[in-house]
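Take a look at the letters that make up each chain.
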Amino acid sequence: MKNDLLELMKERRSIRKYTDQTLREADLQKIIEAGLYAPNAGGGQRSMFVVMNDRDLVERVGRINAGCMRRDHLAGSYVSAEQPSLIDDPTIKSGFYGAPVVIAIFAQKNFLYNIPDAFCCAENMVLEAYHLGIASCIVARGEETFATAEGKRYLEAWKVPETMECKCFVLLGYADGAYPGVKKRREGRVLVVTE
Ligand SMILES: Cc1cc2nc3c(=O)[nH]c(=O)nc-3n(C[C@H](O)[C@H](O)[C@H](O)COP(=O)(O)O)c2cc1C
């Protein structure tokens, strides 16, 4: 377990290769709790989570997610050689990269701060996951995934209220292979001002 918070933030990386090992229930509950305690606009606690805790289900929804990737405006994009993303490797079939557990984060439709609300939850979750020794990755295309006919069927089956919209996913599992090192930061991103 990692204890220094700043070191933990620096060392956490997005993992896109997972082993078959799934999460212990107690760890999953802590990660969910971390998301529930995220800062939220106006104190409204409007986000909700759908926890996909089944490898086959994750694979099916992950394939829908990958199918929503628009490649036409990605020219020159590059994410990671160590942990290739859908952008780097078009042969990857699932946007969830074989993770055993994926949490879909939903936020209230038509609420000004629905995106930041959802991503605050996601950030809390990935940090708690890393604290517990669990690998993770935040993945986009939430709206697109559930705008497909197949995606809509899942929302109906799961009884997700129509007022909610998926903003992102948090993949969880154990890294298959070496965990990548700390990534260098770009210079010149901070201005300190006094007047
Ligand atoms: C808003 C947001 C959307 C992201 N979407 C994806 C995604 O769809 N697929 C993916 O593989 N990684 C996604 N990521 C992970 C980023 O690619 C990753 O955080 C970035 O490359 C930096 O690497 P690191 O997390 O290892 O430091 C996303 C991250 C954020 C914050």
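Remember, predicted model here, so these are calculated numbers, not experimental data. (Residues numbered from 1 in each chain as written. Predicted model: local features only at pLDDT ≥ 70, side-chain atom pairs only at ≥ 80, totals over all residues.)

*Asks:* Just to check I follow, could you spell out the overall build of the protein for this structure?
*Replies:* Summing up its helical and strand segments, the protein has six helices and four strands in all. Listed by position from the N terminus, the elements making up the protein come as α-α-β-α-β-α-β-α-α-β. A globule of 195 residues ought to have a C-alpha radius of gyration of about 16 Å, and the protein, at 17 Å, matches this closely. Seen through its principal axes, the protein has C-alpha atoms that stretch 50 × 40 × 40 Å. By the burial criterion, 30% of the 195 residues in the protein qualify as buried. (Helix = DSSP H or I, 4+ residues; strand = E, 2+ residues; numbered from the N terminus. Rg over C-alpha atoms; globule rule 2.2 N^0.38 Å. Buried ≥ 20, exposed ≤ 12 C-beta atoms within 10 Å, placed from the backbone.)

*Asks:* Help me understand the site of the ligand, please; the structure alone is not making it clear to me.
*Replies:* Around the ligand, a shell composed of Arg-13, Ser-14, Arg-16, Val-79, Ser-80, Ser-85, Cys-137, Ile-138, Val-139, Ala-140, Arg-141 and Lys-183 is seen. Split into classes, the residues belonging to the shell around the ligand amount to five nonpolar, three polar and four charged. (Near = placed C-beta within 6 Å. Nonpolar A, V, L, I, M, F, W, Y, C, P; charged D, E, K, R; others polar.)

*Asks:* Teacher, can you tell me more about the sheet that holds strand E1 (residues 48-52) here?
*Replies:* Across a sheet, paired strands are connected by hydrogen bonds in the backbone, their directions being either parallel or antiparallel. Spatial ordering of the open sheet is given by E1-E2-E4-E3, a layout of four strands whose pairing is antiparallel. Each edge of the sheet is formed by a strand with only one pairing partner; in this case those strands are E1 and strand E3 (135-139). Taken pair by pair, the neighbouring strands of this sheet meet at an average axis angle of 25 degrees, ignoring direction. (Pairing = 2+ DSSP bridges. Axes fitted to C-alpha atoms, helices over the stretch in contact; angles between N-to-C directions.)

*Asks:* I would appreciate a short explanation of helix H3 (residues 55-67) in the present structure.
*Replies:* Owing to its 3.6 residues per turn, the α-helix brings residues three or four apart onto one side. Counted at 1.5 Å a residue, the expected span for H3 with its 13 residues is 18 Å, and the 18 Å between its end C-alpha atoms agrees. Val-58, Val-61, Gly-62, Ile-64 and Asn-65 are the residues of H3 that are buried. Considered in projection along H3, the buried side chains sweep an arc of 155 degrees and stay on one side of the axis. Considering only its buried residues, H3 is in contact with E1, strand E2 (101-108), E3, helix H5 (142-147) and helix H6 (149-158). (Expected span 1.5 Å × (residues − 1). Arc of directions from axis to C-beta. Contact = placed C-beta atoms within 7 Å.)

*Asks:* I tried to follow the nonpolar core on my own but got confused; where do I start?
*Replies:* Proteins that are soluble and globular tend to have nonpolar side chains buried together. Ranked by internal contacts, the top residues of the largest apolar core, which has 38 residues, are Val-102, Ile-105, Val-170 and Leu-171. Broken down by secondary-structure element, the contributors of at least two residues to this core are H3, E2, helix H4 (114-131), E3, H6 and strand E4 (164-173). Those residues in contact with Val-102 that sit more than four places away from it in its chain are Met-52, Val-58, Phe-96, Phe-169, Val-170 and Leu-171. (Core = buried A, V, L, I, M, F, W, Y, C linked by C-beta atoms within 7 Å.)

*Asks:* Looking at this structure, how should I read the environment of Met-52?
*Replies:* Turning to its location among the elements, Met-52 is positioned in strand E1. Taking the C-beta count within 10 Å as the criterion, Met-52 has 25 such neighbours and is therefore assigned buried. Remark: the alpha-carbon pair of Met-52 and Glu-143, spanning 91 residues in sequence, is separated by 16 Å. Apart from the residues lying within four places of it in its own chain, the contact partners of Met-52 are Leu-57, Val-58, Val-61, Val-101, Val-102 and Ala-104.

*Asks:* For this particular structure, what's the right way to read unusual backbone geometry?
*Replies:* The backbone of Gln-45 shows a phi angle near 45 degrees, a positive value even though the residue is not glycine. The residue Gln-45 is located in the loop between helix H2 (25-36) and E1 in this model.

*Asks:* I keep staring at the pairing of E4 and nothing clicks. Help me out?
*Replies:* For a regular strand, the rule is simple: side chains alternate between the two faces of the sheet. Within E4, nine of the 10 residues are buried, which leaves it mostly tucked inside the rest of the structure. The pairing of E2 with E4 spans eight bridges and is antiparallel. Bridge pairing links Phe-106 to Cys-166 in E4. The pairing of E3 with E4 spans five bridges and is antiparallel. Across the sheet, residue Ile-138 finds its bridge partner in E4, namely Val-170.

*Asks:* Honestly, H6 in this entry has me stumped. Any pointers?
*Replies:* Among the residues making up H6, those that are buried are Gly-151, Tyr-154 and Leu-155. Projection of H6 onto a plane perpendicular to its axis shows the buried side chains occupying an angular sector of 100 degrees, all on one side. Counted as exposed and oriented over 90 degrees from the buried face of H6: Ala-149, Lys-152, Arg-153, Glu-156 and Ala-157. Taken together, the buried residues of H6 touch H3 and H5. Phi turns positive one or two residues past the end of H6, at Lys-159, with a value near 60 degrees.

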